[in-house]
Amino acid sequence: MNFLPSNTQLGELEIVEVYDFYDKPCLFSCKNQNESLFASIWTDETEEYDEWLYVAISPERLERAQLGYIDLRKLFRAAESGTVFKIQTYFENNNSDIVTLKCTDLLEDQLPEPGEYLVQENAFVPDKIAISNEHSFIDESMQNGTSILDFRFSYPNGEVPVLETACMMTSTQKLVDALTELQTGNPTVKGKLKREVLEKSKLTLTGTYQGSFGMRMANFAQPDVFNHSDFEEALSTCIELIDISADLDTLRDLLSELKPRVTSKYKVFIEHIIRARANLCAGWISTDKRRWRKSSLSLREARKALSIVNEVIVQNPVEYTLRAELVGVNKRTKSFEIRDLDSDKKYSGRILDDALSVAESATISNIYSVVLREEIEVKLGGEEDIKYKLVSLR
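Here goes a summary of the coordinates provided. What you see is a predicted model, and the numbers here were worked out from it, not measured in a lab. (Residues numbered from 1 in each chain as written. Predicted model: local features only at pLDDT ≥ 70, side-chain atom pairs only at ≥ 80, totals over all residues. Heavy atoms only, no water.)

## So, a negative patch on the surface
- A contiguous patch of negative charge, built from Asp-23, Asp-44, Glu-45 and Asp-109, is present on the exposed surface.
- Along the chain, Asp-44 turns up in strand S3 (residues 37–45). (Patch = residues over 30% accessible without salt bridge, like charges linked within 9 Å, V, L, I, M, F, W, Y side chains within 5 Å. Areas by Shrake-Rupley, 256 points an atom, 1.4 Å probe, with all protein chains shown as cover. Salt bridge = Lys/Arg side-chain N within 4 Å of Asp/Glu carboxyl O. Lys, Arg positive; Asp, Glu negative; His and termini not counted. Charge placed at Lys NZ, Arg CZ, Asp CG, Glu CD. Helix = DSSP H or I, 4+ residues; strand = E, 2+ residues; numbered from the N terminus.)

## Considering unusual backbone geometry
- Backbone geometry places Arg-277, a non-glycine residue, at a positive phi of 55°.
- Here Arg-277 is to be found in the loop between helix H8 (260–276) and strand S10 (279–285).
- Taking the relative accessible area as the measure of exposure, Arg-277 reaches 43% and is therefore partly exposed.
- A positive phi angle, near 65°, is found at Asp-344, a position not held by glycine.
- Within the secondary structure, Asp-344 is located in the loop between strand S13 (335–340) and strand S14 (346–351). (Buried < 20%, exposed > 50% of the residue type's maximum accessible area, 1.4 Å probe, protein only.)

## Observations regarding the pairing of S10
- Along S10, six of the seven residues are buried, which leaves the element largely enclosed by surrounding structure.
- In terms of strand pairing, strand S7 (residues 147–154) meets S10 through seven bridges, oriented antiparallel. For Leu-149, the partnering residue across the bridge sits in S10 and is Trp-284.
- Where S10 lies against strand S11 (residues 292–297), six bridges are found, and the strand directions are antiparallel. If you follow Cys-281 over to S11, its bridge partner there is Ser-296. (Pairing = 2+ DSSP bridges.)

## Quick notes on the packing of aromatic side chains
- Scanning the entire structure with this criterion turns up nine aromatic pairs.
- Here the aromatic rings of Phe-3 and Phe-28 are separated by 5.6 Å at their centres, their planes lie at 70°, and the arrangement is edge-to-face. You can see Phe-3 sitting in the segment before strand S1 (14–21) and its partner Phe-28 sitting in strand S2 (residues 25–31), a full 25 residues away along the chain.
- Here Phe-28 falls in the buried class, since its relative accessible area comes to 0%.
- Between Phe-151 and Phe-269 the ring centres are 6.1 Å apart and the planes differ by 45°, which places this aromatic pair in the tilted class. Taken together, the residues span a long stretch of sequence, with Phe-151 in strand S7 and Phe-269 in helix H8 at a distance of 118 residues.
- The exposure class assigned to Phe-269 is buried, which follows from its relative accessible area of 0%.
- Connected via pairs of aromatic rings, a cluster forms that spans Phe-3, Phe-28, Trp-52 and Tyr-54. (Phe/Tyr/Trp six-rings, centres within 6.5 Å; stacked < 30°, edge-to-face > 60°.)

Right under this line is the structure:
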């Protein structure tokens, strides 16, 4: 029996590398006569045929999978083409049946368990945690007693854009800040974060390396007496966000659970990756070395993820209520200015249509309960621009 399919749209296939074998190759990569690559996994067996999943894969994605940056579940659930092939190879003859499926139509029992990798010995285990060739996660973490976060960015032309890379570093810190505050159980939607949160979430750059640019970040805050760390939980969620960004339905669900500040900061993080035209490989290890994770996010995946983030923000906008003095209203430009009585900060922006009639008849210098909507945009230079919209005034 030939386990490779024949007479299908994939062409005549030959094995490139076998990763798992049980009576027959069960997990392998192969290519056709046009050098198109596929990854394949055996999923089921009947008395008449074997059933397989095949996914077209680029050389770059295959390499990342072989290095342990993409687990098998993500490899098939988030295929580059958005589709996979379900193939049945019959025992009694060389016939094969092939069906094209959308990735989102795959059933849970057709997919590998999370955390299974193409090359198991290269999976994210303690003695194989090095992301760069120059440093080891485990060595530095043990020496300093720190939690380590590694990011490696690859760029199309191999040149590292300084401004965009600096913006990605800044947006990484702000995302971790928001995630750490969320872990404290008292998330906010506006204003500066508390000093104790920023002290917990502070990242320190401890090293850089090539490929085409990598940075190693550490946090020197120690867990509490119960070995719990809000910061480490934040990093775990950060890597999870990166990991599921190609699985759009899962990303949508997780972002809907997270608070608006986290969602907006993740949007900025994704936008900076897109502006830099970067592909990201990431890794993290906890202080106690018991938890670790690798993930990756391609530029193509980042662009798809941004559309989902924007969708979630539209459905769950950042809004908050202020007790404020009305400073000014302009009917022609639909603009407003208010002064928050608690902070003495002034806010200005656009009045939404539903609030325009009330705002027009409002009295300047009077005190109102104001609902503001906050939106964050990233300018071409990388700066974040916060815009406000007046939702209601009473």
